[in-house]
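# Reading the structure
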Amino acid sequence: MSVLAKHTQGKGGPDKIFRISGMAKARAAEVGKENIVNATTGAFLDADGQLITLKTVEDTVKTIPFRDSAEYASIEGTPGFIEAAIDAAFREYRPNGYIGGVATPGGTGGLHHAIYNYLDDGDTVLTMDRYWAAYKSIARETGRNFDTFVTFDENGRFNVQGCIAKLREYAEKQTNVFMILNTPANNPTGYNVKQDEWEAVVAELRAIANNGRNNVVLLLDIAYIDFAAPEARQFFTLFNDLPENFLLLVAYTMSKSYAMYGYRLGCLLCVSSSQEEVDSFVAINKFSSRATWSNCSKLGMLVMEKINKDPELKAAFRAEQEELRLSLLNRAEVFIKEAQEAGLKTCPFDSGFFVTVPTVKAEEVAAELRKSDIFMVPLGDGANAGIRVALCALPEEKIVGMAAKIKEALDAVGE
Ligand SMILES: Cc1ncc(COP(=O)(O)O)c(C=O)c1O
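These figures come from a predicted structure and were not determined experimentally. (Residues numbered from 1 in each chain as written. Predicted model: local features only at pLDDT ≥ 70, side-chain atom pairs only at ≥ 80, totals over all residues. Heavy atoms only, no water.)

### A word on the overall build of the chain
Put simply, the rule reads: Counting from the N terminus, the helices are the DSSP runs of H or I reaching at least four residues and the strands are the DSSP runs of E reaching at least two. Here the globule rule is a power law, 2.2 Å times the number of residues to the power 0.38, and the radius of gyration is based on C-alpha atoms. We call a residue buried when its accessible area falls under 20% of the maximum for its residue type, exposed when it is over 50%, and partly exposed in between, using a 1.4 Å probe and counting protein chains only. The Shrake-Rupley method, run with a 1.4 Å probe, gives the accessible areas here. Residue values count only the displayed protein chains as cover. All tallies of charge rest on Lys and Arg as positive and Asp and Glu as negative; His and the ends of each chain are not included. Here the site of a charge means NZ on Lys, CZ on Arg, CG on Asp, or CD on Glu.
Looking only at helices and strands, the chain features 15 helices and 11 strands. A compact globule built from 415 residues would reach a C-alpha radius of gyration of about 22 Å, and the chain, at 21 Å, matches this within 12%. Expressed along its principal axes, the backbone C-alpha trace of the chain runs to roughly 60 × 55 × 55 Å. The proportion of buried residues among the 415 residues of the chain is 55%. Surface accessibility of the chain: about 18000 Å² in total, with carbon and sulfur atoms responsible for 52%. One finds the centroid of the 44 positive side-chain charges in the chain at a distance of 4 Å from the centroid of its 55 negative side-chain charges.

### A closer look at the domain arrangement of the chain
Interface extent is often summarised as the accessible area lost during association of the parts. Here is the rule we go by: Domain extents, as shown, originate in an automatic or database domain assignment. The contact definition used throughout considers only heavy atoms, calling two residues in contact when any of these lie within 4.5 Å. Buried area is understood as the total, over both parts, of accessible area removed when two parts are fitted together, assessed with a 1.4 Å probe. What makes a salt bridge here is a side-chain nitrogen of Lys or Arg within 4 Å of a carboxyl oxygen of Asp or Glu, nothing more. The term polar contact refers here to a pair of N or O atoms within 3.5 Å; inside protein, the definition further demands a hydrogen-donor-capable atom paired with an acceptor-capable atom, and it admits residues adjacent in sequence only when both atoms are side-chain atoms. Basically, the charged four are Asp, Glu, Lys and Arg, the nonpolar ten are Ala, Val, Leu, Ile, Met, Phe, Trp, Tyr, Cys and Pro, and anything else, Gly included, counts as polar.
The domain boundaries assigned to the chain delineate domain 1 (6-54 + 319-412) and domain 2 (57-312). In this complex, domain 1 contributes 34 residues to the contact, which on the side of domain 2 involves 29 residues. Here domain 1 and domain 2 share an interface that buries about 2500 Å² over both sides, 50% of which is from carbon and sulfur atoms. It is Leu54, Arg325 and Pro348 that lose the most area in domain 1 upon contact with domain 2, and together they represent 23% of the buried surface on that side. For the pair domain 1 and domain 2, the interface holds 2 salt bridges. Here Lys194 and Asp350 are joined by a salt bridge, their closest N and O atoms 2.8 Å apart. Remark: the boundary between domain 1 and domain 2 carries 20 residue pairs in polar contact (both at pLDDT 80 or more). At the level of secondary structure, the elements contributing two or more residues to the side of domain 1 that touches domain 2 comprise helix 12 (311-342), strand 9 (354-358) and strand 11 (386-390). No other element matches helix 12, which puts 5 residues into the side of domain 1 that touches domain 2. Looking at the side of domain 1 that touches domain 2 residue by residue, the classes come out as 17 nonpolar, 12 polar and 5 charged.

### Digging into the sheet that holds strand 9
Put simply, the rule is: Note on pairing: two strands pair once DSSP finds at least 2 bridges between them. Axis lines are fitted through C-alpha atoms, for helices just across the contact stretch, and the angle between N-to-C directions can take any value from 0 to 180 degrees.
If you trace the 4 strands from one edge of the open sheet to the other, you get 1-10-11-9, paired in mixed fashion. Across the chains shown, the open sheet's two edge strands, defined by having one partner strand only, are strand 1 (37-39) and strand 9. In this sheet, adjacent strand axes meet at a mean angle of 30° when their direction is disregarded. As judged from the 3 bridges shared by strand 1 and strand 10 (residues 374-379), these two strands associate in the parallel manner. When the sheet's bridge partners are listed, Asn38 is paired in strand 10 with Phe375. Each of strand 10 and strand 11 touches helix 13 (residues 362-370); the most contacted strand, strand 10, lies at about 175° to it. Sitting on the sheet, helix 15 (residues 402-412) is in contact with strand 1, strand 9, strand 10 and strand 11, with an inclination near 60° to strand 10.

### Focus on helix 5 (residues 106-117)
The line we're drawing: Expected helix span is taken as 1.5 Å per residue step, with the number of steps being one fewer than the number of residues.
Between its terminal C-alpha atoms helix 5 stretches 17 Å, which fits the 16 Å expected from 12 residues at 1.5 Å a residue. The element helix 5 is largely enclosed, with a buried count of 9 among its 12 residues. Of all the positions in helix 5, only Gly106, Gly107, Gly109, Gly110, Leu111, His112, His113, Ala114 and Ile115 are classed as buried.

### Thoughts on the packing of helix 4 (residues 79-90) against helix 11 (residues 298-309)
Axis angle and axis distance: for two packed helices, these are the angle between their axes and the distance between the axes, and together they describe the pair. Our working definition: Roughly parallel means an angle under 35 degrees; roughly antiparallel, over 145; roughly perpendicular, 65 to 115; everything else is oblique. In this scheme, a crossing is called left-handed if the near helix is turned counterclockwise away from the far one by less than a right angle; it is called right-handed if the turn is clockwise.
For the pair helix 4 and helix 11, the least separation of the axes is 8 Å and the interaxial angle reads 65°. The angle between helix 4 and helix 11 falls in the class roughly perpendicular. Where helix 4 crosses over helix 11, the handedness of that crossing is left-handed. Facing helix 4, whose interface residues are Gly80, Phe81, Glu83, Ala84, Ala85, Asp87 and Ala88, helix 11 presents Met301, Met304, Glu305, Asn308 and Lys309.

### As for a negative patch on the surface
The test is simple: By definition, no residue in a patch forms a salt bridge, and every one has over 30% relative accessible area; like charges are joined within 9 Å, nonpolar side chains (Val, Leu, Ile, Met, Phe, Trp, Tyr) within 5 Å.
Together, Glu244, Glu276, Glu277 and Asp279 line one region of the surface with negative charge. In this fold, Glu276 is placed in helix 10 (residues 275-290).

### Here we look at the packing of aromatic side chains
Applied cut-off: Pairing of aromatic rings covers Phe, Tyr and Trp, the last through its six-membered ring, and needs centres within 6.5 Å; plane angles under 30 degrees mean stacked, over 60 mean edge-to-face, and all others mean tilted.
On inspection of all chains with the given rule, the structure shows 17 aromatic pairs. An angle of 85° between the planes, with centres 6.0 Å apart, marks the rings of Phe44 and Phe227 as edge-to-face. You can see Phe44 sitting in the loop between strand 1 and helix 2 (55-63) and its partner Phe227 sitting in the loop between strand 6 (215-221) and strand 7 (246-253), a full 183 residues away along the chain. Judged by relative accessible area, which is 2%, Phe44 ranks as buried. The buried category is assigned to Phe227, whose relative accessible area is 6%.

### Points about the side chain of Asn214
With respect to the helices and strands, Asn214 occurs in the loop between helix 8 (195-209) and strand 6. Judged by relative accessible area, which is 4%, Asn214 ranks as buried. At a separation of 3.1 Å, a polar atom in the side chain of Asn214 contacts the main-chain carbonyl oxygen of Ala171. There is a polar contact of 3.0 Å between the side chain of Asn214 and the backbone oxygen of Gln174. Excluding anything up to four places from it in sequence, Asn214 contacts Ala171, Gln174, Thr175, Val177, Ile208, Ala209 and Asn245.

What follows is the structure in structure tokens.
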């Protein structure tokens, strides 16, 4: 009999992404990394498979005295850092309302706190069925249920009707209707929810908030926002002057935007038309931080603050971000064009690190590809199954011809 507490039963098991990327690494050790395709990693890599970093960020890190960065950070984050995170998240599309923030270790920490503090035991987290697997793990870890709606409609657009139907279902079942949307540049599809789709979803959320029974919490996961065009932020203005019981939470992270994945810093932001609601957001989440990881990376905070306060440095940093966005988009354009030529169906893609090829035989297709030393992650297990192609990890020369190879693998398994 295990010593573990009862509530841990059923947790664990191998992580699919780490399992397949482990296989890729083992094969690379045998035959050389130049002889395999490792499209499993969720980090932006250059042609040599090295992590791409930003020079402005690296230079800024070097200006910070070690003693300053080695100190404890304040638990909730310094005001200069919170302001930098608000600016980084919203830019010129900052919604009208009171805005507060709490430092978190990456976007993951923000997702954890939001799911924990805005739902009761046994309540359900709602999201789309093409989602980042950590959502389900956090729901399990915190004793919340997890449900999804089909992401796309038959026209390859965001499934607004399916989303609304699920929102109404949970409005009947629990007080706080809680939904996570990861957009723009969704992981794993690369989809950006469009303005008209957002308008319909937000109209429904406002109607639920105004029905006299429910509260609404919308958690936006914007981990990849800087890899979508800056105008993709336009939808933030739909959250101007929200009803007091409609809370917008935004999980911002430095991981991809500053290429500081390992420094572990993000900021959970809260937008509300009630100052009191924002104050309790800060107090409660600060308490949860104290009770879990305590405080976050001081160095990360100093870097964000310094870049945000120096207009010249900020402009150079943003220009570098834009360069990276365009180079990633370039990779995607090569893949999507070739997919169309090869007759390979993909989920609709706009921007971001990944493209998904939908297939119910994802495991088999991934195994077939591995025979040619191509490593990709099979995701989902039914209508949401697919192969996730990490374009972020592949140089253009390895992307050329890849769509045709995936099509061959699909044909080989009879899909
Ligand atoms: C969809 C999505 N959300 C959030 C994150 C948060 O990552 P981190 O905790 O490293 O900031 C990731 C990272 O892979 C992600 O893919």
